[in-house]
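Residue-level listing of the chains:
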Amino acid sequence: MTAATLTRSATQTAGGGYGFRSVARMEWLKLRSVRSTGWVLLVFAAGMIGLAILVMINQHWATMSAQDRASFDPSENSFAGLAIGQLALGVLGALVITTEFSSGMIRATLAAVPRRPLLLAAKAAVLGAVTLVVGEIFAFAAFAVGELVLGSPAPHATLGQPGVLRAVLMAGAYPALIALISLGVGAFLRHTAGAICVVVGVLFVLPLLFTPLSTSVQRAAQNFLPHPMAATSLTAVKPVTGALSPWLTCCLLCGYAVAALAAGSWALARRDA
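Nothing here was measured: the structure is a model prediction, and the numbers come from that model. (Residues numbered from 1 in each chain as written. Predicted model: local features only at pLDDT ≥ 70, side-chain atom pairs only at ≥ 80, totals over all residues. Heavy atoms only, no water.)

Enquirer: In this structure, what is going on with the overall build of the chain? I would like to understand it.
Expert: Helix and strand counts for the chain stand at 13 helices and 0 strands. Tracing the chain from N to C terminus, the helices and strands come up as α-α-α-α-α-α-α-α-α-α-α-α-α. Its C-alpha atoms give the chain a radius of gyration of 20 Å, within 12% of the compact-globule value 19 Å for 273 residues. Projecting the C-alpha coordinates of the chain onto the three principal axes gives extents of approximately 65 × 40 × 30 Å. Buried positions account for 45% of the 273 residues belonging to the chain. (Helix = DSSP H or I, 4+ residues; strand = E, 2+ residues; numbered from the N terminus. Rg over C-alpha atoms; globule rule 2.2 N^0.38 Å. Buried < 20%, exposed > 50% of the residue type's maximum accessible area, 1.4 Å probe, protein only.)

Enquirer: How do you make sense of helix H10 (residues 192-209) when you look at a structure like this?
Expert: With 18 residues, H10 should cover 26 Å at 1.5 Å per step; its first-to-last C-alpha distance of 24 Å lies within 8% of that length. A maximum bend of about 45 degrees is found in H10 at Gly201. Within H10, the full set of buried residues consists of Ala195, Val199, Gly201, Leu203 and Pro207. Those residues of H10 hidden inside the fold are in contact with helix H6 (82-103), helix H9 (164-189) and helix H12 (226-233). (Expected span 1.5 Å × (residues − 1). Bend = angle between axes of the 7 residues up to and from the residue. Contact = heavy atoms within 4.5 Å.)

Enquirer: So what exactly am I meant to see when it comes to the nonpolar core here?
Expert: Generally speaking, a soluble globular protein has its nonpolar side chains buried in company with each other. Counting residues in hydrophobic clusters, the biggest one holds 60 residues, and the most contacted among them are Phe79 and Leu183. Dropping the residues within four chain positions of it, Leu183 is found in contact with Gly93, Ala94, Val96, Ile97, Leu120, Lys123, Ala124, Leu127 and Leu261. Counting 6 residues, the second-largest nonpolar core is a separate cluster that includes Trp61, Met64, Phe72 and Ala154. (Core = buried A, V, L, I, M, F, W, Y, C linked by side-chain atoms within 4.5 Å.)

Enquirer: What am I meant to see in the packing of aromatic side chains here?
Expert: Here a ring pair, both rings aromatic, is described through the centre-centre distance and the interplanar angle of the planes. By the definition in use, this model includes 3 aromatic pairs. Ring geometry for Phe44 against Phe138: centres 6.2 Å apart, planes inclined by 85 degrees, an arrangement best described as edge-to-face. Here Phe44, found in helix H3 (residues 35-56), pairs with Phe138, found in helix H8 (residues 116-149); they are 94 residues apart in sequence, far enough to count as distant. Accessibility expressed as a relative area gives 0% for Phe44, which makes it buried. Classification of Phe138 as partly exposed rests on a relative accessible area of 24%. (Phe/Tyr/Trp six-rings, centres within 6.5 Å; stacked < 30°, edge-to-face > 60°.)

Enquirer: Whenever I open this one, the confidence of the model for the chain confuses me. Can you help?
Expert: In the predicted model, the chain carries a mean pLDDT of 87, and 91% of its residues have values of at least 70. Across residues 9-16, confidence stays below pLDDT 50; counting only partners more than four residues off in sequence or on other chains, it has 7 contacts. (pLDDT = per-residue confidence, 0-100.)

Enquirer: How should I be thinking about helix H2 (residues 20-33) in this particular structure?
Expert: Helical periodicity: at 3.6 residues per turn, an α-helix aligns residues three or four positions apart in one direction. Its 14 residues place the ends of H2 20 Å apart at the C-alpha level, agreeing with the 20 Å of an ideal helix rising 1.5 Å per residue. Those residues of H2 lying buried are Ser22, Val23, Ala24, Met26, Glu27, Lys30 and Leu31.

This is how it looks when you write it as structure tokens:
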């Protein structure tokens, strides 16, 4: 079944009234019918679980220095796979909308749903729900697997310890927020490669530009760049000096997602398909 068929079906079902529920149902059908969705989620799962095993199985407590032991965080180390996971879901967020522009399918979609902010809101709701559920499932899975393969006598983390549950929940929510930011960028640029380049630049390149600068500047920058913000909010043993609180970091990332989606909605409303 093609996306065009799904769009026409949603139009007939809605009976001319394009409510949010009908549009969201259409977007859900499109998302799960696209083959790339499954592949991207598979890469996300493999990255989260695979790197958790690889990193945690190579933590040799007996040979660690006293400084390394003092800063060792078994919960944060379990989420090394977020380096791949955030990129995977960021790519998915861009593909959700840019592929419709590149294929010309956006014309059929806008014929069924002429209210463009409603269309983007439905895409964001479906994408956010799917990526949040998948993110949390594999965040808990990565944490469990990481603690399982971590050898004794290294200290292990449990969800009942202070800050650990918060770190796991944040590890699942963070890639979902990156997906929403990427969706907004994709809606603004309408170009798959361009949107992915912007997301990669913000996540991986922009932090490197602050490396030659002073330590104080680097610490200030890490409070506002998505990847360093997430890294500091995943710590449960030794908080990073000068970092924002984890919940404030989460609110700021949500603000980034809202801003990106607002920009994408504005661009959609002003341009022709």
